[in-house]
Amino acid sequence: MGAKKTLQTHSIISSGTMTGTSVINSEVISIINLDNISLQFDWTGTPNGSFDVQVSNDNVTFHSLNIPGVPSAVGVAGGFIINITQLSQPYIKAVYTNTSGTGTLNVTIFGKDLN
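These numbers were taken from a predicted model, which means no experiment stands behind them.

J.: Which residues make up the nonpolar core, and what values go with them?
T.: Counting residues in each nonpolar core, the largest one holds 26 residues, and the members touching the most others are Leu 39, Phe 41, Phe 51, Ile 92 and Leu 105. Ignoring any residue separated from it by four or fewer positions in sequence, one finds Phe 41 in contact with Phe 51, Val 53, Gly 78, Gly 79, Phe 80, Ile 82, Ala 94, Asn 106 and Val 107.

Right, here's the structure in full:
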């Protein structure tokens, strides 16, 4: 039996500046051969804005995943984790769009296969 494939926890957005009407895009991560993905979003300050997880088949054009219940930043520090199972697209990234306020965003990712 082979070893379980994992994507070790690492930062994909580090100290992202949430200000004005900025858009923060994470690095694109290849999740080929991974069945379970966890994204952790943590922020400080008083930002207001929306979070998004986008995927792609070709690593060129990205589309939003329809993930119900994703919180927004509403003027206070916070955080949450999104768990995604058996995603068929090979590329993923996190996106944050600020509408007002300021803060600092950190996003980490972890992944593993089912074996």
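Still more to cover.
J.: Can you tell me about the sheet that holds strand S10 (residues 103-112), naming the residues and giving the values?
T.: The strand order across the open sheet built from four strands is S1-S10-S4-S8, with neighbouring strands paired in antiparallel fashion. If you trace the sheet from one side to the other, it starts and ends with strand S1 (6-18) and strand S8 (78-85), each paired once. Averaged over all neighbouring strand pairs, the angle between strand axes comes to 15°, with direction disregarded. Of the pairings in the sheet, the one linking S1 to S10 comprises eight bridges and is antiparallel in character. Across the sheet, the residue bridging to Leu 7 is Gly 111, located in S10.

J.: Can you tell me about the environment of Val 95, naming the residues and giving the values?
T.: Among the structural elements, Val 95 can be located in strand S9 (residues 91-100). Note on Val 95: relative accessible area 6%, which makes it buried. The spatial distance from the C-alpha of Val 95 to the C-alpha of Ile 84 is 16 Å, given a sequence separation of eleven residues. If we ignore the near neighbours within four places in the chain, the residues touching Val 95 are Val 23, Ile 24, Asn 25, Ser 50, Phe 51, Asp 52 and Gln 54.

J.: Can you break down the side chain of Asn 98 residue by residue, with the values?
T.: Residue position: Asn 98 is located in strand S9. Reaching out from Asn 98, the side chain makes a polar contact with the backbone oxygen of Gly 20 at a distance of 2.9 Å. Of the polar contacts made by the side chain of Asn 98, one reaches the backbone oxygen of Ser 100; its length is 3.2 Å. Ignoring sequence-local partners within four residues, the contact set of Asn 98 consists of Met 18, Thr 19, Gly 20, Thr 21, Ser 22, Pro 47, Asn 48 and Gly 49.

Reading the values: rules and limits
- Residues numbered from 1 in each chain as written.
- Predicted model: local features only at pLDDT ≥ 70, side-chain atom pairs only at ≥ 80, totals over all residues.
- Heavy atoms only, no water.
- Core = buried A, V, L, I, M, F, W, Y, C linked by side-chain atoms within 4.5 Å.
- Buried < 20%, exposed > 50% of the residue type's maximum accessible area, 1.4 Å probe, protein only.
- Contact = heavy atoms within 4.5 Å.
- Pairing = 2+ DSSP bridges.
- Helix = DSSP H or I, 4+ residues; strand = E, 2+ residues; numbered from the N terminus.
- Axes fitted to C-alpha atoms, helices over the stretch in contact; angles between N-to-C directions.
- Polar contact = N/O pair within 3.5 Å; in protein donor to acceptor, adjacent residues only side chain to side chain.

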